[in-house]
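Per-entry structural report
Residues per chain are reported as follows:
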Amino acid sequence: MATAPRFWRENPSRYNLVGIKCNSCGRHFFPPRSICPVCHRKSVGKIERVKLKGEGKIFSWTEVQEGPEELSSNRPYIYAMVEMEDGLRFTGQVIDCEPADLQIGTPVRAVLRKLSEEGPSGVIHYGYKFVLRKEKSP
Amino acid sequence: MKVGIVSYGACVPRYRITPEEIGKVWGADGKAVGKGLMINCKSIPAPDEDTITISVEAARNMMKRCDVSPKDIGALYVGSESHPYAVKPTGTIVAEAIEAAPHLTVADFEFACKAGTAAIQTCMGLVGSGMVKYGVAIGADTSQGAPGDALEYSASAGGAAFLIGSEKIIATLDRTYSYTTDTPDFWRREGQIYPRHGGRFTGEPAYFKHVLNGGRGLMERTGTTAKDYTYAVFHQPNGKFPTRVAKQLGFSDTQIKAGLLAPLIGNTYSGAVPLGLAAILDEAKPGDRIFAVAYGSGAGSDAFAMTVTDEIDSYARDRAPTVKEIISNVKFLDYATYAKFRGMIVLGRE
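Residues numbered from 1 in each chain as written. Chains lettered and ligands numbered in written order. Predicted model: local features only at pLDDT ≥ 70, side-chain atom pairs only at ≥ 80, totals over all residues. Heavy atoms only, no water.

Topic: the interface of chain A and chain B
- With 23 residues of chain A at the interface, the matching set in chain B holds 25 residues.
- For the pair chain A and chain B, the summed buried surface comes to about 2,100 Å²; carbon and sulfur atoms form 42% of the total.
- Put simply, chain A and chain B have seven salt bridges between them.
- The interface formed by chain A and chain B contains 15 residue pairs in polar contact (both at pLDDT 80 or more).
- When contributions to the side of chain A that touches chain B are tallied by element, the ones reaching two or more residues are α2 (11–16), β7 (107–117) and β8 (124–132) of chain A.
- No other element matches β7(A), which puts five residues into the side of chain A that touches chain B. (Contact = heavy atoms within 4.5 Å. Buried area = accessible area lost by both parts, 1.4 Å probe. Salt bridge = Lys/Arg side-chain N within 4 Å of Asp/Glu carboxyl O. Polar contact = N/O pair within 3.5 Å; in protein donor to acceptor, adjacent residues only side chain to side chain. Helix = DSSP H or I, 4+ residues; strand = E, 2+ residues; numbered from the N terminus.)

Given below as structure tokens:
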């Protein structure tokens, strides 16, 4: 079954980390939703779409030895929970580094990479992964 | 109206392979091949990288360095010979990823290794005529070289993006000149995975003839000589050709040093002159003059004369990594891993 339309709807979130902010309680959520899961009906009409910063720190990470088929060329790969500066936690692959480069708290930023493709003739899906972020010295 | 570069950004994949490692597999003296070509290693895209992801990263670095609203971009062109889709423009995804969509015109360009500079010329026309406020020109490739072919020692990956406009210009695009003929030195037929080339025919009647005529044509039209320029950058299918053509045009090794990246990353095809130009802009000072000649097989050359402005002193270069910083994160691969990354191994599930 073609998944192109489903992925297409999610492109703003996958490409640019577009989430929502509930202007009732001030919390951010990702991916976007139409109602705040904390404020419920109080949030109606107060949901704003916002672009998240895309920068955060490693909250926890692991090295994956057995993953889905589309990542078989990348094995082993690093998967992490990232504490974003907007207060959200994301999960995603951390790329272009070695396990020895990572610690809890290592700064990362989101980049666009290929997530999967629907075979050699199908649509290619792009979305965010994380790379190490060099912090400027004060 | 003065038109020029308002901002720029670059991207080069992290992985590398040496000519020695490639030669080992094919029974060739790879070290000698690398020495002859002046290539120490070449960049390789990761399995999740392609011309789209490289273009997006370069364009995002470009946008980070300036305060231009992406909504003011009226045109975006990506030049490449490795667009991931035959039909479905690379530029549509890049435009969405930098939030420039939907009110702009987008197209993919192809002219072998000079498609990126063709995009710069198109943006110069659109900005100069007042049709758009800003145009984005990108040259990027994940180039293909058939296993065992001479091209395999050099075909690499990378790209750079340029924001062309008429306000807050860091380098004016003073003049451009192109030289084009029908010369079948290198080609890839529709549906074919790898390109073919004419061996030595890619040298004198192709690269050298077009780069020299493009370069000399621009000098004649601007009344300048090599001595008038601080920097020069030429298409670099290897390290040898641009070094030799620079001498023939009267440039010294000092003038081409900053923009000569082929020895470190190989031939990034449509990304080659754009990346070399980005590396020059990383260190350029007000008043510096830049001479650039891109070459595309088939064949043609695009030559540019540029002048760095005072604006570069207040330009936020440090908001994105320099080319030197980007190419310092390196991991060398063996041939087997390189073959897997480039999809050269036929998998059982396919």
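Some points on the sheet that holds strand β4 (residues 73–79) of chain B
Residues and elements named next belong to chain B.
- The strand order across the open sheet formed by nine strands is β5-β4-β6-β7-β1-β8-β13-β12-β11, and the pairing between neighbours is mixed. Bordering the open sheet on either side are β5 (105–109) and β11 (231–234), each of which pairs with just one other strand. On average, each strand axis in the sheet is tilted by 20 degrees relative to the strand beside it, whichever way the strands run.
- Sheet contacts for helix α5 (residues 115–128): β4, β5, β6 (134–142), β7 (157–165), β8 (171–183), β12 (289–296) and β13 (298–308); angle to β6, the most-contacted strand, approximately 175 degrees. (Pairing = 2+ DSSP bridges. Axes fitted to C-alpha atoms, helices over the stretch in contact; angles between N-to-C directions.)

Comments concerning the domain arrangement of chain A
Residue and element names in this part refer to chain A.
- Per the domain assignment, the segments making up chain A are domain 1 (4–51) and domain 2 (55–132).
- Taking only C-alpha atoms, the centre of domain 1 and the centre of domain 2 are 22 Å apart.
- Listed by partner, the interface residues are nine residues for domain 1 and 13 residues for domain 2.
- Across the interface of domain 1 and domain 2, roughly 940 Å² is buried in total on both sides, 74% from carbon and sulfur atoms.
- It is R14, L17 and H28 in domain 1 that bury the most area against domain 2; as a group they hold 47% of the surface buried on that side.
- Put simply, domain 1 and domain 2 have zero salt bridges between them.
- Counting only elements with at least two residues in the side of domain 1 that touches domain 2, the list comes to α1 (4–9), α2 and β2 (28–29).
- A total of three residues in the side of domain 1 that touches domain 2 trace back to one element, the largest contributor, which is α2.
- Of the residues belonging to the side of domain 1 that touches domain 2, the class tally is six nonpolar, two polar and one charged. (Domains from an automatic or database assignment. Nonpolar A, V, L, I, M, F, W, Y, C, P; charged D, E, K, R; others polar.)

Overview of helix α4 (residues 90–97) of chain B
- Of all eight residues in α4(B), six are buried, a share of seventy percent or more.
- Turning to α4(B), its buried residues number three or more, namely T90(B), G91(B), I93(B), V94(B), A95(B) and A97(B).
- Contacts from the buried residues of α4(B) go to α2 and β8 of chain A together with α3 (51–64), β4, β5 and β6 of chain B. (Buried < 20%, exposed > 50% of the residue type's maximum accessible area, 1.4 Å probe, protein only.)

Here we look at the pairing of β13(B)
All names here are of chain B.
- Extensive coverage of β13 is indicated by the burial of nine of its 11 residues.
- Relative to β13, β8 runs antiparallel, the two being bridged by 10 bridges. Counted as the bridge partner of Y177 is A303 from β13.
- Across eight bridges, β12 lies against β13 in antiparallel orientation. The residue bridging V293 from the neighbouring strand is A303, located in β13.
- Connecting β12 to the next strand, β13, in antiparallel fashion are one residue.

Thoughts on the environment of G158(B)
All names here are of chain B.
- One can find G158 in strand β7.
- Residue classification places G158 among the buried residues on the basis of a relative accessible area of 0%.
- Taking C-alpha positions, G158 is 19 Å from R65, a pair spaced 93 residues apart along the chain.
- Excluding its chain neighbours within four sequence positions, the residues that come into contact with G158 are C11, V12, P13, I54, G139, A140, D141, T268, G271 and L275.

Observations concerning the pattern of salt bridges
- Using the criterion set out here, one finds 22 salt bridges over all chains in the structure.
- Residues K53(A) and E85(A) are paired through a salt bridge, measuring 3.6 Å at the closest nitrogen-oxygen approach. You can see K53(A) sitting in the loop between β3 (47–51) and β4 (55–64) and its partner E85(A) sitting in the loop between β5 (77–84) and β6 (89–94), a full 32 residues away along the chain.
- Here D67(B) ties to R319(B) by a salt bridge, and the two come within 3.1 Å at their closest N and O atoms. Of this pair, D67(B) sits in the loop between α3 and β4 while R319(B) sits in the loop between β13 and α11 (323–326), and the two are 252 residues apart along the sequence.
- The exposure class of D67(B) is exposed, given its relative accessible area of 67%.

Notes on helix α1 (residues 19–26) of chain B
All names here are of chain B.
- If you check which residues of α1 are buried, you get P19, E21, I22 and G23.
- Buried residues in α1 make contact with β2 (15–17), α2 (30–37), β3 (42–44) and α12 (335–341).
- Following α1 by one or two positions, G27 adopts a phi angle in the positive range, close to 70 degrees.

Concerning the nonpolar core
All names here are of chain B.
- Core analysis: the biggest nonpolar cluster contains 48 residues, and I5, F162 and I164 have the highest contact counts within it.
- Counting residues per element, this core draws most heavily on α5, at eight residues.
- Among all residues touching I5, those that are not within four sequence positions of it are F162, L163, I164, I169, I170, A171, L173, L277, L281 and M306.
- One finds M62, V94, V136 and A140 within the second-largest nonpolar core, a separate group that totals 34 residues. (Core = buried A, V, L, I, M, F, W, Y, C linked by side-chain atoms within 4.5 Å.)

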